[in-house]
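These are the residues of each chain, in order.
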Amino acid sequence: MGRVYFGAMIGMYLPGILYCAVLPKGQTLPSWGIAASSASGLILKLGNFGWFLALFFGFWIMYSTAISNVDLVVRQSTDMLWFSSERLRKFAKMDIRKIYYPLLVILTVWLSRT
């Protein structure tokens, strides 16, 4: 439990260090523009490398969140179907992967169309 707490504190502390390092002291930030302000400050301080870092970390955070949310929806749906229908378990020949992967493909195709 202590390691999880320590990791969470570091995860919250690091963005604060980044903001203090790249933004001018005393600057008023818009409430919905804090991330954009820090990215702009990072670009001003580090140039093209700062631009790359801002894009890379922004992409990585959004990508990992999207992947985990898709997996969560498919996993929960599979579990609900699996435990609510014995006929479905017999149809899948007691292999839950035969439910999970088709649902994953259906959700991926459906989400890619929107």
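Please refer to the structure placed before this passage.
This is a predicted model, so every value here is computed, not measured. (Residues numbered from 1 in each chain as written. Predicted model: local features only at pLDDT ≥ 70, side-chain atom pairs only at ≥ 80, totals over all residues. Heavy atoms only, no water.)

(A) Structural detail: the side chain of Arg-89. The residue Arg-89 is located in helix α4 (residues 86–91) in this model. The contacts of Arg-89, once residues within four sequence positions are left out, are Trp-82, Phe-83, Ser-84 and Met-94. (Helix = DSSP H or I, 4+ residues; strand = E, 2+ residues; numbered from the N terminus. Contact = heavy atoms within 4.5 Å.)

(B) Spatial organisation of helix α2 (residues 34–46). Its 13 residues give α2 an end-to-end C-alpha distance of 18 Å, which sits within 8% of 18 Å, the value for a rise of 1.5 Å per residue. Within α2, burial applies to Ser-37, Ser-38, Gly-41 and Leu-42. The buried residues of α2 occupy one face: seen down the axis, they fall within an arc of 140°. Projecting away from the buried face of α2 at angles above 90 degrees are the exposed residues Ala-35 and Leu-44. Contacts made by the buried residues of α2 are with α1 (2–22) and α3 (48–84). Backbone geometry just after α2 places Gly-47 at a positive phi near 70°. (Expected span 1.5 Å × (residues − 1). Buried < 20%, exposed > 50% of the residue type's maximum accessible area, 1.4 Å probe, protein only. Arc of directions from axis to C-beta.)

(C) Up close: the pattern of salt bridges. Evaluation of the coordinates by the stated rule reveals four salt bridges. A salt bridge links Glu-86 to Arg-89, with the nearest nitrogen and oxygen atoms 3.9 Å apart. Residue Glu-86 and its partner Arg-89 are both found in helix α4; the two are separated by three residues, about one turn of the helix. Ionic pairing is found between Lys-90 and Glu-86, a salt bridge with its closest N-O pair at 3.9 Å. One end of the pair, Lys-90, and the other, Glu-86, are both in helix α4, four residues apart, so they sit about a helical turn from each other. (Salt bridge = Lys/Arg side-chain N within 4 Å of Asp/Glu carboxyl O.)

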